[in-house]
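Geometric and topological summary
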Amino acid sequence: MRLLHCQLQNVRLHGDLSLDFSPRITLIGGANESGKSTLVEALHRALFLKASATGAPVEALQSRLHLGQPVVSLAFEAKGDTWTLRKRFSGTSGQVSLLSEASGQQLSGPVAEEVLAELVGVKETVGSKQATTILPTRWAHLWVMQGAAGDNLLEAGKASYDFDALLAQLEQSGGAVVQQSAHDQRVAQRVDTALEENFTTRGVKKNSPLWQRQEELENAELAMNQALARLADYEDASAELAEIGEQLEQLQGRDLPALEERRRLISQGAEASSRLEAAVQLAAQALEPLRLRHETAQNQLQQFDALATELSEREQQLQQLQGSQQGADARELALATTLEERRTSRAALASQKLTLEQRHQLVQLLLEHARTQEAQQRLAKELEQLQQGHARRRELEQQLAALPPLSRAEVQQLRDLQQQSRDARTRQQAMAAGVRLLRSDQPVRINGELLQSGDQRQLSSTFELQVGEGVALEITPGGGKALGDLESACIAAEQSFDERLSELAVNSVEAAEQAADQRSTLEQQLSAQAATPLSDLQALELDQDNLAQQLSQLEPQLDALRECRQLLEQEQALPIGAAELQTLHQQLSQTLSHTTAAYRQAEVDLDAAQAALQEFQQARLSETSQLQILQAECSDRRSRREALQQGHGSRDGLAAQLTTLALERQQAEGELQRLQTERAALGSGDNEQELSALQEQLEALQRQIEQLIDQRGAAKQRCDSISNEDPYAAAEQARALLEAAHGDHKSLKRLTEAHKLLQQLFLEAQADLSSRYSEPLAQAIGSYLGPLISDGPVAQLNYDQSKGFGGLRLRRGQEFYAFEQLSGGMREQLAAALRLSMADVLKGSHDGCLPLVFDDAFTNSDPERVDLVKGMLGTAVDRGLQVILLTCDPAAYGGFADQVVELGS
């Protein structure tokens, strides 16, 4: 499958965006928020999301800038045909159309969605309910969304990539074939059948043998619990019946007779108790005034003691505070002095720091100015050299253009033609007749040409010899017809030679040789003179203008620091060279760093001194307030002590009075205690009340006896009803049934566990054989990351039949490191190589091509990393894949892509 063209209408910030895709590499650049990710998401939703879908994925496409519903059109090649897809995302009223260029048939609605799913190699396009879960996994191994470049595709499981198609292509290519015997297949089928008989994907299968054994075990456990509960109920009822019998025996045999005897004794001692009651009342009345006077005197003495203690404590605290206040002024003055010193020190450091910062900035600007001037000088020299070379090259090209276009072969051809002409003329002269005029008294002419004495002619053809006016001879040289042929050959050779000279625009062979030598020399000089592209000269001129602009921008900044520069020049001579300025800049940086640290420490010391002074002032204010409070409390305690002495005398007199009252109270209480003891010996003074209480106790005891008799009847009836069926025998029978059910269930469970273990072992053995699936994929990854590692394996991964591929690792040095142990840039490279390798394998099921999309997938702009990315993507397109690269830094990939699109420009 290959993308050809797309058009986005009313999709977020794109009102109407159209662009074509190169069959190899398309580079889409643009700043952040220019709509690159919007383009990728729109194309992805057009391929995999139903047009009638609703919810967040469709709402995310809607534009706040342009009216109308989002419309995405996409042209692509698939299944040997060219298709045009158009989707209008407008909720349940969304529209989809799919046009085949070969047949001209246009599909729409669900039929178009089904054909589209078949073309892109998925079961179906995603609806609203699956949009948030399944949609992100569609072509996740081919389309890298923004922020997902460093994710390990294999950690998400088989659902994150086309696992089944990948395995099919690996097997079809011969890279991994797992042979399984017929016996192994039968064993696997029998194990699977046995497990399917008892289990489903959600657990134990209903009505299966294992389910029935579990039901029987649960019923047996329930019956056992019921039997044990019935037995426990029988034993509880029997114990309750025995306990009720013991309680009745206790109440009727002991408690009831004791109460009757107590009632009789109370009735006999009622008369004596009345006399002692009167004596107790008189003694209590005499004791009450003594108790009141004793307690009053005791309270007064306690007040004396409490006031004395409080007054002593507060006077001691007062003395301590007064002693502490004596040196407070001196300490406060010392703290204030320290604060002022530190404030002065900080101000001095601040001034010094400001001066150093200005000087640091000045030297830095001077350093930039010097470096810029040096760069400008170097650039001027380089530009002058390039211009001279360019002028020399133009001069050589002009000289070369002025020469005839001769080569060594053409010169040799001229020599050959000249030699042919000479050879023909030599043969002709060898057969020619020689005529020499020795002397004559008459005019002698050959073919009308007058000869003088001594003239000689070589004639190779018939000629006329005239002697005087009356004699004419026709002379034919020897050779006959051959001589005529030689003449024709000579003429033809000379004519070819002259024509070739004319064609080459030279007069002679010597001139041709001279021109060829000059041309060869000029070509060698021109080859030695390296060609300088005009763009390089323009770039250097642009750099020169930029440097001049930088110098002009530095001048106002230096003028602003003119005063600082004058002060610094008064202290020391400022260097001019960049190296000396760099040394001075480093020195100022160190001094500024130390001064800044000292300034920060001064600020800390100043804050500490200020906090100490404030804390001392607050403490002093608190002590002053506390001193005033203590003075007021001491005055209050003295006043209360004086008032107490005036009202009740001294403390010693009050203590003696308290001793006398305590003795009198003790004697009165002793007499009252003796009378109460005698009365108690005769019983309670309130005989009627006690008799009434005894009567109530007797009645309650009778009711309790009656209640126990009823409970004994109920317990006996319950025991009789339970004992109709022997509870002990029923418990034993239920236990036997439980043991049998437990044994059956255990046996079947062990059998199913054995089947599970056998299936696990079979899958593990099959996974060991299937490890050959991972080797072709690892080798494919290594082919993309080959520049990282010179020799040996580059990547490793494993294969599990149930979980798919995993355990992706990359070799660095002699060790393999897991994906999560790699740096962010290396994770991006390894993840990209994995996707390219998968696409390389899967392209066999998509007409030999698949489109890969990288949305800001390569964030590392290091030149080596960029070159590695270029190599990987170049290898991918050479293998037939299509790459669409979206980046914020298109300049890093300049000249690399076949087609470049700039968004937001």
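Attention here is on the structure that accompanies the text.

Cut-offs used in this document
- Residues numbered from 1 in each chain as written.
- Predicted model: local features only at pLDDT ≥ 70, side-chain atom pairs only at ≥ 80, totals over all residues.
- Heavy atoms only, no water.
- Phe/Tyr/Trp six-rings, centres within 6.5 Å; stacked < 30°, edge-to-face > 60°.
- Buried < 20%, exposed > 50% of the residue type's maximum accessible area, 1.4 Å probe, protein only.
- Lys NZ or Arg CZ within 6 Å of the ring centre and 35° of its normal.
- Helix = DSSP H or I, 4+ residues; strand = E, 2+ residues; numbered from the N terminus.
- Expected span 1.5 Å × (residues − 1).
- Pairing = 2+ DSSP bridges.
- Axes fitted to C-alpha atoms, helices over the stretch in contact; angles between N-to-C directions.
- Contact = heavy atoms within 4.5 Å.
- Salt bridge = Lys/Arg side-chain N within 4 Å of Asp/Glu carboxyl O.
- Core = buried A, V, L, I, M, F, W, Y, C linked by side-chain atoms within 4.5 Å.

**Considering the packing of aromatic side chains**
Counted according to the given criterion, the structure contains four aromatic pairs. For the pair Trp139 and Trp143, a centre-to-centre distance of 6.2 Å together with 55° between the ring planes defines the contact as tilted. Classification of Trp143 by relative accessible area gives buried; the value is 3%. Plain terms: the ring middles of Tyr161 and Phe163 are 6.2 Å apart, the flat faces sit at 70° to each other, and that makes the pair edge-to-face. Counting every residue linked through ring pairs, the aromatic cluster contains Phe48, Trp139 and Trp143. Positioned above the aromatic ring of Tyr599, the side-chain terminus of Lys353 is 5.5 Å from the ring centre.

**A few points about helix H19 (residues 824-842)**
Here H19 is 19 residues long and its end C-alpha atoms lie 27 Å apart, about the 27 Å a rise of 1.5 Å per residue gives. The element H19 is largely enclosed, with a buried count of 17 among its 19 residues.

**Considering the sheet that holds strand E4 (residues 71-78)**
The strand order across the open sheet formed by six strands is E2-E1-E4-E5-E6-E7, and the pairing between neighbours is antiparallel. Taken across any chain shown, the strands that pair with only one partner, and hence form the sheet edges, are strand E2 (14-20) and strand E7 (106-108). Adjacent strand axes in the sheet meet at a mean angle of 15°, parallel and antiparallel pairs treated alike. With six bridges joining them, strand E5 (residues 81-88) and strand E6 (residues 95-100) adopt antiparallel strand pairing. Considered in E6, the bridge of Trp83 is made with Ser100.

**Remarks on the sheet that holds strand E18 (residues 804-812)**
Sheet strands pair via backbone hydrogen bonds, and the direction of the pair is either parallel or antiparallel. Taken in spatial order, the three strands of this open sheet run E17-E18-E19, and their pairing is antiparallel. Only two strands of the sheet have a single partner each, and these edge strands are strand E17 (795-800) and strand E19 (815-818). Direction aside, the axes of adjacent strands within the sheet are offset by 30° on average. Taken together, the four bridges between E18 and E19 define a ladder with antiparallel strand orientation. Pairing of Arg812 across the sheet is with Glu815, part of E19. In the packing of helix H4 (residues 163-172) onto the sheet, the strands contacted are E17 and E18, and the crossing angle to E18 comes to about 70°. Sitting on the sheet, helix H18 (residues 774-784) is in contact with E17 and E18, with an inclination near 155° to E17.

**Brief notes about the pattern of salt bridges**
Under the counting rule described, the total for this entry stands at 17 salt bridges. Arg638 is the partner of Glu315 in a salt bridge, and the nearest nitrogen-oxygen pair spans 2.9 Å. Note that Glu315 is positioned in helix H7 (residues 270-326) and Arg638 in helix H14 (residues 578-648), a separation of 323 residues in sequence. Among the salt bridges present, the one from Arg735 reaches Glu732, with a minimum N-O distance of 3.1 Å. Taken together, the positions of Arg735 and Glu732, both in helix H17 (residues 727-769) and three residues apart, correspond to about one turn of that helix. Using a relative accessible area of 30% as the deciding quantity, one classes Arg735 as partly exposed.

**Some thoughts on the nonpolar core**
Counting residues in each nonpolar core, the largest one holds 106 residues, and the members touching the most others are Leu47, Phe76, Phe805 and Phe854. With eleven residues, H19 is the largest single contributor of residues to this core. Once residues lying within four places of it in the same chain are set aside, the contact partners of Leu47 are Met1, Leu74, Leu85, Leu116, Val120, Thr125, Trp139 and Trp143. Counting 18 residues, the second largest nonpolar core, distinct from the first, contains Leu554, Leu561, Leu568 and Leu574.

**Quick word on the environment of Cys490**
With respect to the helices and strands, Cys490 occurs in helix H10 (residues 481-503). Accessibility expressed as a relative area gives 0% for Cys490, which makes it buried. Spatially, the C-alpha atoms of Cys490 and Asp423 are 8.4 Å apart, while their sequence positions differ by 67 residues.

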